[in-house]
Amino acid sequence: MTSQAQTARKRRRSLSSRLYTWLTSMNLAIALLSILAIASVIGTVLQQNQPVNDYLIEFGPFWYEAFNALKLYDVYSAGWFVTILLFLLASTSACLIRNTPGFMRDIKSFRLNAQDKSLRAFRHSRQYESDLPATTIVERTQGLFAQLGYKARVKEREGETLVAARKGGMNRIGYVLTHLGMVVILVGGLIDSKMYLKTLNMLGVVEVETRDLPVSQVPQESHLPPGSLAGFRGSVNIPEGKWGDVAFIGLKDGYVVQNLPFKIEIEDFFVEFYDTGMPKSFNSKITLTDKETGESIDETIRVNHPLRYKGYNIFQSSFGDGGTELEFDAWQLFGKAGTKQALEGTVNQERTFEFNGEKYKLEFRDFSLFNVNPTEGPDGSRENTNFGPSVTFRLRDAAGEAIEYENYFQPVEFDGTKYFLSGVTPEVGAQQQFLFIPADRNDSIETFMAFYATLKDRDEITRIAADLVAQTPQGGQGGAAQSSAARSIAGMVETFVEQGFSALTEQVDQQMAERDMPPEMAEQARESSFRVVQSVLMRAYMETLQDQGVEEFGDRDEDFFEKALDVVTVIPNYGSPIFVAPTGFNHIQSTGLEITRAPGMFWVYLGSLMLTLGIFMLFYIHYRRLWVLIKPADVNDDGESTRHRVVVAGTDARKNIDFDQAFAQFSDELMRQTGSNDQNDASTTPGKG
C-alpha cells in the first residue's frame, strides 16, 4: 500500500515537473510570441471598434460573422488574446523564477573547485612549464587579470594553486532584466486591458447594457465609478453647446458607462475641408470643469494633439451630427398623391406617422453639409462637384423592416438637366441606387408632383381620355362606346403608372390575343394603343403646365416630360409611401472624443527600458571565465619543486570568435611573463583554441 502511494506521488511529481518544464520551454514562448505578433498585425491592418455597418459593407454578412466570431474587430480585448498574454506572463515569470537564482549564484561564484582534467578538456585550454616560483606566477597572473578587468580569487590546495577569474557578470543581469522587462510590460498591458472589466462582469459586479438608452436611463449596475483602478478606453459624442461627464466603453455585445471626475462642455466645433470634400482638420473648443474642486480650464483639442488632465487623455477622434434641426415637405406618393405636408425633424430622433392604416417611423440618422463627388465635365474631364447638403434617414414599417434613404436639398445637374436625388439602400450591405426626379423651370419639384398627382387620379385620366376619344372620327358618335373606350384607355394608363411599360405591353398583347386578331392587325393595334396612352400622358402633362400658367411648350418641357415618365415607372419600387423633400436646416455638429486612462503605461515604459537595457547587456557584455592552475612539474632532492606546469583555460557564454582571439592574447602574454625562455615548451591541447 505504501509502495503504491509513493508511486502515485512520484507520478504526480513527474506530471507537475513536465508541466513546469513545458511552461518554461523556449518553444512555448516562441509560439506565444508568434501568435501575438500575428494578432497585432491583424489589429493594425483591420480597423478596430468600427460601426457594425462599416464591417458589413466591407466584408459582407458571411465574413462579418466569421471575423466577429474570432473577435477580430476588437483583437486586443478578445478573450483568447488576453489568455495568450496570461500564458506568456506565466511562462516568462516561470523562466525568471527558475533561472535567476542560478544566475545570481553563478555571478558570485569563481568556481574554485575546477580540476586539472576538466580544465584541459575545455575548448580553450593551453599549458606550458615555468621555472619561476609559484608565488611569482600567481602574482603576475593576478596582475594580468587586473589589467584586463577580471576579478580574481586564489585557492591553495594539495600542493597546487588555482587562480580563477571572471568578468562580464552584468551579462547575466541582462538575462534577468530582459525577462523581467517582458513581465513588467505584460503586467502593464493587462492593467490597461479589459480583463478587469470582464472579471467584474463575470462576478456580477458590473452588468453590460445592450439597449440604446440615454445616460440617465442606464441602470446603475452598468456604471463604473471615477476611481476605477484599471485603465480604460471609451468614447463619447457631445453636441455643440452641450456637456458630458461619462465615457462609453464597449464590452461584449454592449457597453458600460465610465463616470468621469470632470465635465466636458463643447463651446464650439469647426471643420476644415479639402477640395475633395474630405475633412482636413477638425477641432473642439472645450471647457473642462473638475467636479471636486470646481476648477475650469479652456482648451482646444485637435487631431493628434490630445488634452492630458489628471491621468486622463482626451483625444479628438471624430465628428458627426449633433441633432441638426430639419424642415421638409412630405409628398404623398400613394393615396392623395401629389399633396404635401410641411414637417420638422431632428437628426438622431424619430417621428411616427400613419398611412393607409399602417404605422411608419422616420428615423433621421445623419446630416451632411458637403457632398463632393467626382463628375464628368463638359469636355469629358473628371472634376469634383459639391452636390450640396443631404439628410440620411430610415423609413421603418410596422414589421420593423427598414429602408435607408439619402435625399439632397438642392437639385444636381447632370448632362444639362437638374435632378432631385434620392439615394436608396434597400438593405444593409446593398449597393445604393438613386431616384432622379427632374427639376422644373424654377428648380422645384412642384411640377413633377403635380403631374404625378394627375396620373394617379383615375377620374382625371378618364376625362382626358374621353376628350381625346371625342376628337377622333369614331368618337363623335358618343354614347356607351365612347365611355367604354375612355375607361379602357384610362386602365392602360393606370397599368403604365402603377406597373411600368412592360406590364402595359403584356396587357395590350393579352387584349390582342383575346380578340384573335391576325398578326399584322395586332401589331397595328398595339402601336395604336401605345400612341393613345402617350397622347393621354402628354395631355395630362400639358394641362399641368397650363394650371401653372405656362403658355409655351418648348424642347425643355418635352425633355422634362420624357424624364418624368422614367421616374413614374420606378416609383412603385421606391419602397416609401412618401417622398421626403428637405427644404431647410439648422446645422448642429457634435464632436467625437476618445477618453483614455492608462495606469499601466508607466509599467510598459519601465518594462521597455528594462528590456532595452537587458538586450544591450546580453549582446554587448561578454560573460567570461579564466583559470590558471599551477602545479609542480618536478621535485628536487629537498622535496621542492624546481619547475611548474601551468594550465590556462577559459570559457565564454557566447562562444564567439572574439574570445578565441582574447584567450590567445591572454595566454601568450601570461606565458611571456611567466614561462620558460624556451617557448617551444608551450603546448596547446589538440583540437583546442
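Residues numbered from 1 in each chain as written. Predicted model: local features only at pLDDT ≥ 70, side-chain atom pairs only at ≥ 80, totals over all residues. Heavy atoms only, no water.

Novice: Sorry, what's going on with the overall build of the protein chain here?
Specialist: Broken down by element type, the protein chain carries 16 helices and 27 strands. For 689 residues, the compact-globule formula gives about 26 Å, and the C-alpha radius of gyration of the protein chain, at 44 Å, lies well above that figure. The proportion of buried residues among the 689 residues of the protein chain is 40%. Considering only residue pairs separated by 6 or more positions, the protein chain has 63% of its internal contacts joining residues 24 or more positions apart. Of the roughly 38000 Å² of accessible surface on the protein chain, a fraction of 52% belongs to carbon and sulfur atoms. Each charge class in the protein chain can be summarised by its mean position, and for the 67 positive and 88 negative side chains these summaries are 19 Å apart. (Helix = DSSP H or I, 4+ residues; strand = E, 2+ residues; numbered from the N terminus. Rg over C-alpha atoms; globule rule 2.2 N^0.38 Å. Buried < 20%, exposed > 50% of the residue type's maximum accessible area, 1.4 Å probe, protein only. Contact = heavy atoms within 4.5 Å. Areas by Shrake-Rupley, 256 points an atom, 1.4 Å probe, with all protein chains shown as cover. Lys, Arg positive; Asp, Glu negative; His and termini not counted. Charge placed at Lys NZ, Arg CZ, Asp CG, Glu CD.)

Novice: Hey, could you run me through a nonpolar patch on the surface in this one?
Specialist: On the surface, Leu 15, Leu 19, Trp 22 and Phe 87 cluster together into a nonpolar patch covering about 410 Å² of accessible area. For the nonpolar patch, the leading source of residues is helix 1 (residues 2-23), giving 3 residues. Looking at the element boundaries, Leu 19 is found in helix 1. (Patch = residues over 30% accessible without salt bridge, like charges linked within 9 Å, V, L, I, M, F, W, Y side chains within 5 Å. Salt bridge = Lys/Arg side-chain N within 4 Å of Asp/Glu carboxyl O.)

Novice: Hey, could you run me through the sheet that holds strand 23 (residues 578-586) in this one?
Specialist: In a beta sheet, neighbouring strands are held together by backbone hydrogen bonds and run either parallel or antiparallel to one another. In spatial order, the strands read 13-12-23; together these 3 strands make up an open sheet with antiparallel pairing. The two strands at the open ends of the sheet, each matched to only one other strand, are strand 13 (340-346) and strand 23. Along the sheet, successive strands turn relative to each other by an average axial angle of 25 degrees, direction set aside. (Pairing = 2+ DSSP bridges. Axes fitted to C-alpha atoms, helices over the stretch in contact; angles between N-to-C directions.)

Novice: Just checking my understanding: could you explain the packing of aromatic side chains for this structure?
Specialist: Think of a pair of aromatic rings as described by two things: how far the centres are apart, and how the planes are tilted against each other in angle. This structure, assessed with the given rule, holds 43 aromatic pairs. These aromatic residues form a ring-pair network of at least three members: Tyr 55, Phe 59, Phe 62, Trp 63, Tyr 64, Phe 67 and Tyr 73. The positively charged end of Arg 166 is found above the aromatic ring belonging to Phe 110, 4.3 Å away from the centroid. The ring of Trp 243 carries the charged tip of Lys 263 above its face, separated from the ring centre by 4.6 Å. (Phe/Tyr/Trp six-rings, centres within 6.5 Å; stacked < 30°, edge-to-face > 60°. Lys NZ or Arg CZ within 6 Å of the ring centre and 35° of its normal.)

Novice: Would you mind going over the nonpolar core with me for this structure?
Specialist: Nonpolar side chains in soluble globular proteins tend to end up buried together. Counting residues in each nonpolar core, the largest one holds 67 residues, and the members touching the most others are Phe 448 and Phe 579. Looking at which element gives the most residues to this core, the answer is helix 13 (residues 519-547), with 9 residues. When residues no more than four places from it in sequence are discounted, the contact partners of Phe 448 are Ile 437, Pro 438, Phe 560, Ala 564, Val 567, Val 568 and Ile 571. The next biggest cluster of nonpolar side chains, apart from the first, holds 24 residues, and it includes Leu 197, Leu 200, Leu 593 and Ile 595. (Core = buried A, V, L, I, M, F, W, Y, C linked by side-chain atoms within 4.5 Å.)

Novice: Would you mind going over the confidence of the model for the protein chain with me for this structure?
Specialist: With 92% of its residues at a pLDDT of 70 or more, the protein chain has an overall mean of 85. Considering each helix and strand of the protein chain separately, the mean pLDDT is smallest for strand 27 (residues 683-684), with a value of 47, and largest for strand 19 (residues 402-408), with 95. Here residues 678-689 is modelled with pLDDT under 50, and outside its nearest four sequence neighbours on either side it reaches 22 contacts, counting other chains as well. (pLDDT = per-residue confidence, 0-100.)

Novice: Which parts of the structure should I look at to understand the environment of Ile 464?
Specialist: Inspection of the secondary structure puts Ile 464 in helix 10 (residues 458-470). With a relative accessible area of 0%, Ile 464 lands in the buried category. In this structure the C-alpha to C-alpha distance between Ile 464 and Ile 35, which are 429 residues apart in sequence, comes to 76 Å. Here Ile 464 is in contact with Thr 454, Val 536, Arg 539, Ala 540 and Glu 543, once residues within four sequence places are set aside.

Novice: It is not clear to me how the pattern of salt bridges should be interpreted in this structure. Could you clarify?
Specialist: Proximity of charged atoms lets side chains of opposite charge pair with each other. One pass over the full model with this rule turns up 32 salt bridges. A salt bridge links Lys 291 to Asp 245, with the nearest nitrogen and oxygen atoms 2.8 Å apart. Note that Lys 291 is positioned in the loop between strand 8 (279-290) and strand 9 (296-302) and Asp 245 in strand 6 (residues 243-251), a separation of 46 residues in sequence. On the basis of relative accessible area, Lys 291 is assigned to the partly exposed category, the value being 43%. Between Arg 463 and Glu 543 there is a salt bridge, with its nearest N and O atoms 2.7 Å apart. Placement of the pair is Arg 463 in helix 10 and Glu 543 in helix 13, with a sequence separation of 80 residues. Connected through salt bridges with shared partners, the residues Asp 116, Arg 120, Arg 157, Glu 160, Lys 631 and Arg 645 form a single ionic network.

Novice: I would appreciate a short explanation of unusual backbone geometry in the present structure.
Specialist: As a rule of thumb, non-glycine residues mostly have phi less than zero, and peptide bonds are mostly trans rather than cis. The backbone of Glu 158 shows a phi angle near 45 degrees, a positive value even though the residue is not glycine. With respect to the helices, strands and loops of the structure, Glu 158 is situated in the loop between strand 2 (151-157) and strand 3 (160-167). The phi torsion at Asp 415 lies on the positive side, around 50 degrees, for a residue other than glycine. For Asp 415, the location among the structural elements is in the loop between strand 20 (412-414) and strand 21 (417-425). Among the residues examined, Asp 415 registers a relative accessible area of 84% and is labelled exposed.

Novice: Can you help me understand the environment of Arg 351 in this one?
Specialist: As for its placement among the helices and strands, Arg 351 is situated in strand 14 (residues 350-355). Here Arg 351 falls in the partly exposed class, since its relative accessible area comes to 31%. For Arg 351, the residues in contact, after removing those within four places along its chain, are Phe 328, Leu 343, Glu 344, Tyr 360, Lys 361, Leu 362 and Phe 364. A polar contact is formed between the side chain of Arg 351 and the backbone oxygen of Glu 344, at a distance of 2.6 Å. (Polar contact = N/O pair within 3.5 Å; in protein donor to acceptor, adjacent residues only side chain to side chain.)

Novice: Looking at this structure, how should I read the environment of Gly 143?
Specialist: As for its placement among the helices and strands, Gly 143 is situated in helix 6 (residues 134-148). Distance in space between the C-alpha atoms of Gly 143 and Phe 451 is 112 Å, their sequence separation being 308 residues.

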